Amino acid sequence: MKRLVSASLQNGIISLFFITVLLPVTADAYVKRDLLQKNRDVTLVKNVLVPAEQWVPYPAYQDRSGWDRFLGNYKKEFIGNGDAMLNYQWKVVKATDYLEYSRSGSRVIMEGPFNENITAIVRLFMAELAEGKGRYLDQLANGVFSTCEMTSWALSAHLSLQTSKQLFPDHREQVIDLMAGDLGSLFSWIYYYFHNEFRKLNPLLEMRLKQELENRILTPYMTTDHLWWMALRYKPGDLVNNWNPWCNFNVLQTFALIEKDPEKLAQAVYRTMTSVDQFINYTNEDGACEEGPSYWGHAAGKLYDYLQLLYDMTGGKISLFNEPVIKNMGEYISRAYVGNGWVVNFADASARLSPDARLIYRYGKAVGSGEMMELAALLQSNEKEPHVPWEGRDIYRLFQSLRMDKEIAGSKPLQSAPAYTWYPQTEVCFMRDNKVFFAAKGGHNNESHNHNDIGSFNLYFGNTPVMIDAGVGTYTRKTFGPERYSIWTMQSAYHNVPEINGHNQRNGAKYKATEARFDPGTKTFSLNLANAYPADAGVQSWKRTYRLNKGSLDIEDRFRLSKPGQKNRIHFLCYGTVTSGDNGKLMIRQGNIRSLLRYDDRIFDVTVDTVKLDDTRLSNVWGPEIYRITLIEKKPAASGQYRYSIRRMED
């Protein structure tokens, strides 16, 4: 791909006389950088690996004073959480729980009891490390044993990874998905700390745990390359998303803590490097997370954890922390964070997020990003009271968070992201102007967790959302199946884009933006939407321009159609009640924030629809309903120009 952007532009530091930049985009942004493999082979990896006893920075189980210092004021809470699990009744994931995914599309039936068991295991594990008296070992052994008895550690929704493609555990094959990988790393830490104690309970318990880790993680990873997330058979157009660093990070931990043969360990580590390189290759140089901020912790965040672990395992001899793309990936979260828990939420991301302050801080420290470290300190300072870090089943991230806790508290809390950030390859633009936050996107309609949303935008006044992306509802089989775009949240008709000549945008890599430009001097983002629509729409050109202008947002559409037939419709999805006024005015009210949308009522009629939110994943963000404003062209035209503006009403 042709790169026409300077490093300063990428970082949002642009002089006001900088020329408008035009950057083409392709559906496949893959660039074969191979940063991890570069000038490295298995022999080099073997020579730089250090024993686990040297790279693991946490206290030994018997080091009681070390754990007291490490856990600090959290010790009692960890013990209390473990006490609550001493009488926990381990749940069985039944055959019908797996079958439910095929029958109704529900993932929750199977995942619910599984997750409850794993949460209990984590709490018992941490309580025993905190107290060190053996009180939790029997119950922890119960949890480990019951989990080892399961046919598969993969979730029902992911069992299509099996060669049989049956959405039911296949006793003939072990596959590594997100859950199996998480359990591999979790149980590796349990083995690392408690294999001697398990041996004392019964030698077969220790042997069983290690054997399951070998059978479910180590052997499958080294003997197969067909799992899509490994991307070892990558070909242009393939998707490489957060699964890649997430699963590889878990696999790396498991090998690092379990494999004692130096040759086998080096082979495995290098294989993870080969796989993770595919994710870095797939990621645009600008570092934007096409899956959105709520996936950042699983995409860039897991990549950082992987790179940090690899750095530690090799005594710092293998490091990518000076690579610009790695820093850009990290700073995406500090740029996409609006404030007060709100974030930019294109694709399946949620607009509400409690970012992991400790992860952001660690990442920022590794790549030398002051804005990430300051945001992390701000996020942590906003916590009403200190609480135990909770990283789910990710023990490495929990341990690392505990290491950084006091250091974050001593850092300067500040949101210091630049006034604008342009992601030229991903075609995403962020602008901030006097308590206004604006984000818009181009790209294509085959991005990971894609919605048909080319040209859509988010608009915030005073950290309050006004024009929004609804996000995604509770995941079901339909969410990631062939019926995905029958879901309203995925359709362009429920995004802030036009419906042209009776047609909405289509999904697929060929449906994309063209002529995407960002001009910092005029605070303008523009793009051509024509190719986002099917040929039947007859769109020769649809140039949309956004301009941030002294606290208001001006929008202009210039279009040409080959054969107008149906009336164009301009959609705006908004958060807040809508009331009509005279002369092309609509008032949008959310709490104390009042906004005014102005349009030309000589050209448009208007409708306002109430969109009821009966899915808790959506209503937990927006409440029971949101609203869709639709401007309806009064008379179809072959060409024309529309203008709209949105500004905050001052009291």
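Residues numbered from 1 in each chain as written. Predicted model: local features only at pLDDT ≥ 70, side-chain atom pairs only at ≥ 80, totals over all residues. Heavy atoms only, no water.

Colleague: I would appreciate a short explanation of the overall build of the protein chain in the present structure.
Modeller: Scanning the protein chain from terminus to terminus reveals 18 helices and 22 strands. A compact globule built from 651 residues would reach a C-alpha radius of gyration of about 26 Å, and the protein chain, at 26 Å, matches this within 12%. Principal axes of the C-alpha set define a box for the protein chain whose edges measure 85 × 55 × 50 Å. Counting the 651 residues in the protein chain, one finds 60% classified as buried. Contacts spanning at least 24 positions in sequence make up 72% of the contacts within the protein chain whose residues lie at least 6 apart. For the protein chain, the accessible surface area stands at approximately 25,800 Å², while carbon and sulfur atoms represent 48% of it. Put simply, the protein chain has 77 plus and 72 minus side-chain charges, and the middle of one group is 4 Å from the middle of the other. (Helix = DSSP H or I, 4+ residues; strand = E, 2+ residues; numbered from the N terminus. Rg over C-alpha atoms; globule rule 2.2 N^0.38 Å. Buried < 20%, exposed > 50% of the residue type's maximum accessible area, 1.4 Å probe, protein only. Contact = heavy atoms within 4.5 Å. Areas by Shrake-Rupley, 256 points an atom, 1.4 Å probe, with all protein chains shown as cover. Lys, Arg positive; Asp, Glu negative; His and termini not counted. Charge placed at Lys NZ, Arg CZ, Asp CG, Glu CD.)

Colleague: Is there a simple way to explain the pairing of strand S15 (residues 552-561) in this structure?
Modeller: Across a regular strand the side chains alternate sides, sitting on one face of the sheet and then on the other. Of all the 10 residues making up S15, 7 are buried; the element is thus mostly covered by neighbouring parts of the structure. Joining the antiparallel neighbours strand S14 (residues 539-549) and S15 is a turn of 2 residues, in which Lys-550 adopts a positive phi near 50°. As defined by bridge partners, S15 adjoins strand S22 (residues 639-649) across 9 bridges and the pair is classed as antiparallel. Bridging across to S22, Leu-553 finds its partner in Ile-646. (Pairing = 2+ DSSP bridges.)

Colleague: How should the pattern of salt bridges be read in this particular structure?
Modeller: Once the charged atoms of two side chains with opposite charge are near each other, the side chains can pair. Under the counting rule described, the total for this entry stands at 38 salt bridges. A salt bridge links Arg-393 to Asp-182; the nearest nitrogen and oxygen atoms lie 2.7 Å apart. Pair noted here: Arg-393 is in the loop between helix H16 (370-381) and helix H17 (395-409) and Asp-182 is in helix H9 (residues 178-201), with a separation of 211 residues, a long-range link. Its relative accessible area of 22% is what places Arg-393 among the partly exposed residues. A residue is classified by how much of its surface remains accessible, and Asp-182, at 6% relative accessible area, is buried. One salt bridge in this structure joins Lys-612 and Glu-625, with 2.7 Å as the shortest N-O distance. Taken together, the residues span a long stretch of sequence, with Lys-612 in strand S20 (residues 604-612) and Glu-625 in strand S21 (residues 625-633) at a distance of 13 residues. Judged by relative accessible area, which is 59%, Lys-612 ranks as exposed. Linked by salt bridges that have partners in common, Lys-302, Asp-305, Arg-362, Asp-394 and Arg-397 make up one network. (Salt bridge = Lys/Arg side-chain N within 4 Å of Asp/Glu carboxyl O.)

Colleague: For this particular structure, what's the right way to read the nonpolar core?
Modeller: Considering soluble globular proteins, one finds that nonpolar side chains tend to be buried as a cluster. In this structure, Phe-125, Trp-189, Ile-190, Tyr-193 and Phe-399 are the most contacted members of the largest nonpolar core, which totals 159 residues. No other element matches the 13 residues that H9 contributes to this core. With sequence-adjacent residues up to four places away left out, Phe-125 is seen in contact with Leu-140, Trp-189, Ile-190, Tyr-193, Phe-194, Ile-395 and Phe-399. Ranked by size, the runner-up nonpolar core spans 49 residues in total, among them Phe-438, Leu-459, Ala-513 and Phe-572. (Core = buried A, V, L, I, M, F, W, Y, C linked by side-chain atoms within 4.5 Å.)

Colleague: How should I be thinking about unusual backbone geometry in this particular structure?
Modeller: Backbone phi values are negative for most residues with the exception of glycine, while trans is the configuration of most peptide bonds. The phi torsion at Asn-340 lies on the positive side, around 55°, for a residue other than glycine. Its identity is not glycine, yet Asn-501 carries a phi of approximately 55°, on the positive side. The topology assignment puts Asn-501 in the loop between strand S10 (498-499) and strand S11 (508-512).

Colleague: Hey, could you run me through helix H10 (residues 203-223) in this one?
Modeller: For the α-helix, the turn length of 3.6 residues means that residues three or four positions removed from each other point alike. With 21 residues, H10 extends 28 Å from end C-alpha to end C-alpha; this agrees with the ideal 30 Å at 1.5 Å per step. Residue Glu-214 marks the point of greatest curvature in H10, where the axis turns by about 40°. Of the residues making up H10, those classed as buried are Leu-205, Glu-206, Leu-209, Glu-212, Leu-213, Arg-216, Ile-217, Leu-218, Pro-220 and Tyr-221. On the buried face of H10, the contacting elements are helix H8 (137-148), H9, helix H11 (243-258) and helix H12 (262-282). Between the side-chain oxygen of the N-cap and the backbone nitrogen of Leu-204 there are 2.9 Å, and the N-cap of H10 in question is Asn-202. (Expected span 1.5 Å × (residues − 1). Bend = angle between axes of the 7 residues up to and from the residue. Polar contact = N/O pair within 3.5 Å; in protein donor to acceptor, adjacent residues only side chain to side chain.)

Colleague: I'm lost on the packing of H10 against H11 in this one. Help?
Modeller: The axes of two packed helices give the description: the angle between them and the distance between them. Running from amino to carboxyl end, H10 crosses H11 at an angle of 125°, the nearest separation of the two axes being 10 Å. Classified by the angle between their axes, H10 and H11 sit oblique to one another. The way H10 lies across H11 gives a crossing that is left-handed. When H10 is examined against H11, the residues Lys-210, Leu-213, Ile-217, Leu-218, Tyr-221 and Met-222 are found in contact with a partner set consisting of Asn-248, Val-251, Thr-254, Phe-255 and Ile-258. (Axes fitted to C-alpha atoms, helices over the stretch in contact; angles between N-to-C directions. Parallel < 35°, antiparallel > 145°, perpendicular 65-115°, else oblique. Left-handed = near helix turned anticlockwise from the far one by under 90°.)

Colleague: Before we go on, may I ask you to explain the packing of aromatic side chains in this structure?
Modeller: Aromatic rings considered in pairs are described by the distance between their centres and by the relative angle of their planes. The full count for this structure, using the stated rule, is 53 aromatic pairs. Summarising the aromatic geometry, the rings of Trp-189 and Tyr-193 are spaced 6.3 Å apart at their centres and angled 25° between planes, so their arrangement reads as stacked. Within this pair, Trp-189 and its partner Tyr-193 are both found in helix H9, separated by 4 residues, close to a single helical turn. Comparing Trp-189 with Tyr-193, the two get one shared label, buried. Between Tyr-221 and Trp-229 the ring centres are 6.3 Å apart and the planes differ by 25°, which places this aromatic pair in the stacked class. (Phe/Tyr/Trp six-rings, centres within 6.5 Å; stacked < 30°, edge-to-face > 60°.)

Colleague: How should the environment of Leu-375 be read in this particular structure?
Modeller: If you trace the backbone, Leu-375 turns up in helix H16. With a relative accessible area of 2%, Leu-375 lands in the buried category. A sequence separation of 230 residues divides Leu-375 from Phe-145, and the C-alpha atoms of the two residues are 42 Å apart. Excluding residues within four positions of it along the chain, Leu-375 makes contact with Ile-333, Ser-334, Tyr-337 and Leu-414.

Colleague: Looking at this structure, I do not really get the side chain of Glu-259. What am I missing?
Modeller: Along the chain, the position of Glu-259 falls in the loop between H11 and H12. For Glu-259, which is buried and forms no salt bridge, the nearest opposite charge comes from Lys-264, at a distance of 5.3 Å. From its side chain, Glu-259 meets the backbone nitrogen of Asp-261 in a polar contact 3.0 Å long. Discounting chain neighbours no more than four positions away, the residues touching Glu-259 are Leu-218, Thr-254, Lys-264 and Leu-265.

Colleague: What am I meant to see in H8 here?
Modeller: Between the first and last C-alpha of H8 there are 16 Å, a value that for 12 residues agrees with the 16 Å anticipated at 1.5 Å per step. Residues of H8 that are buried sit in contact with helix H7 (108-131), H9 and H10.

Colleague: Could you clarify how one ought to interpret the side chain of Arg-216 in this entry?
Modeller: By the element assignment, Arg-216 lies in helix H10. Judged by its relative accessible area of 3%, Arg-216 is buried. A polar contact is formed between the side chain of Arg-216 and the backbone oxygen of Met-150, at a distance of 2.5 Å. Only 2.7 Å separates the side chain of Arg-216 from the side chain of Glu-212, close enough to count as a polar contact.

Colleague: Mind showing me how you'd approach the pairing of strand S9 (residues 464-467) here?
Modeller: As paired strands, strand S8 (residues 457-461) and S9 are joined by 3 bridges and run antiparallel to one another. Paired with Tyr-460 across the bridge in S9 is Pro-465. Where S8 folds back on S9, the antiparallel hairpin that results is connected by 2 residues, among which Gly-462 adopts a positive phi of roughly 55°.

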